[in-house]
Amino acid sequence: MNQDLESLKARVRHLSVMIFDIDGTLTDGRIFWVPNSGWTQMYSVRDGMGIKRLQEAGIEVAAISGGDSLSAQMRMQSLGLRHVHFGSQDKVAHFERLLELLKVSADRCGYMGDEVVDLPLLKAVGFSAAPPEAPDEVRAQVHYVAQKAAGFGAAREVCEFILRHRQAP
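Basis of the calculations
- Residues numbered from 1 in each chain as written.
- Predicted model: local features only at pLDDT ≥ 70, side-chain atom pairs only at ≥ 80, totals over all residues.
- Heavy atoms only, no water.
- 1 Å grid on protein atoms, 1.4 Å probe; cavity = no way out; pocket = protein on both sides within 12 Å on 5 of 7 lines; lining within 4 Å.
- Points joined across faces, edges and corners; volume = space filled by probe spheres on them.
- Helix = DSSP H or I, 4+ residues; strand = E, 2+ residues; numbered from the N terminus.
- Nonpolar A, V, L, I, M, F, W, Y, C, P; charged D, E, K, R; others polar.
- Patch = residues over 30% accessible without salt bridge, like charges linked within 9 Å, V, L, I, M, F, W, Y side chains within 5 Å.
- Areas by Shrake-Rupley, 256 points an atom, 1.4 Å probe, with all protein chains shown as cover.
- Salt bridge = Lys/Arg side-chain N within 4 Å of Asp/Glu carboxyl O.
- Pairing = 2+ DSSP bridges.

**Let's talk about empty space enclosed by the protein**
Thought 1: In the structure shown here, the tally under the stated rule is one cavity of 30 Å³ or more.
Thought 2: Put simply, the largest cavity is a space of about 40 Å³.
Thought 3: Every residue along the wall of the largest cavity is listed here: Leu26, Tyr43, Ser44, Asp47, Gly48, Ile51, Arg75, Met76 and Leu79.
Thought 4: At the level of secondary structure, the elements contributing two or more residues to the lining of the largest cavity comprise α2 (45-56) and α3 (70-78).
Thought 5: For the lining of the largest cavity, the element with the highest residue contribution is α2, accounting for three residues.
Thought 6: Split into classes, the residues belonging to the lining of the largest cavity amount to five nonpolar, two polar and two charged.

**Some points on a nonpolar patch on the surface**
Thought 1: Where nonpolar side chains cluster on the molecular surface, the patch consists of Ile31, Trp33 and Trp39 and spans about 390 Å² of accessible area.
Thought 2: As for its position among the elements, Trp33 is in strand β2 (residues 32-34).

**Considering the sheet that holds strand β6 (residues 109-112)**
Thought 1: Strand order in the open sheet formed by six strands is β5-β4-β1-β6-β7-β8, and the pairing between neighbours is parallel. Each edge of the open sheet is held by one strand with a lone partner, namely β5 (83-85) and β8 (144-145).

So, to be careful, I would describe these as geometric facts and stop short of saying anything about function.
Encoded structure:
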């Protein structure tokens, strides 16, 4: 489904909400066991800066994740995300509640995910993105595939694309 530049620009022009999956999108998908702390992931400060820049531009940033870990909770809190759903088996249901809460339509929302479980939500939004490591069937369904790797700038790349081509509200 990957689209030409003009179609992509049109999709982000009026974006008001950007949602991210966490594991495999904001991280590289690896988990680490830390004694006395449990499982943890690594996050990119650069991806975080992209998220902060979206927020500064007036875009509401949220996260919907199938996983749940203390490190993910702390990272989302440190980024100032007000809408975060962990352990979500039905991401579309959480997305629909978010639409109601924010009083926004699906076509004004974006989602970046990396797995087949993300496909229903990737198909429900006006702008969808994935990191290059996503499975073929996911990359074939999204509007934008990042060139940079997940956890190493893919989210920042998507944020920068949105900021470059979005019209201010």
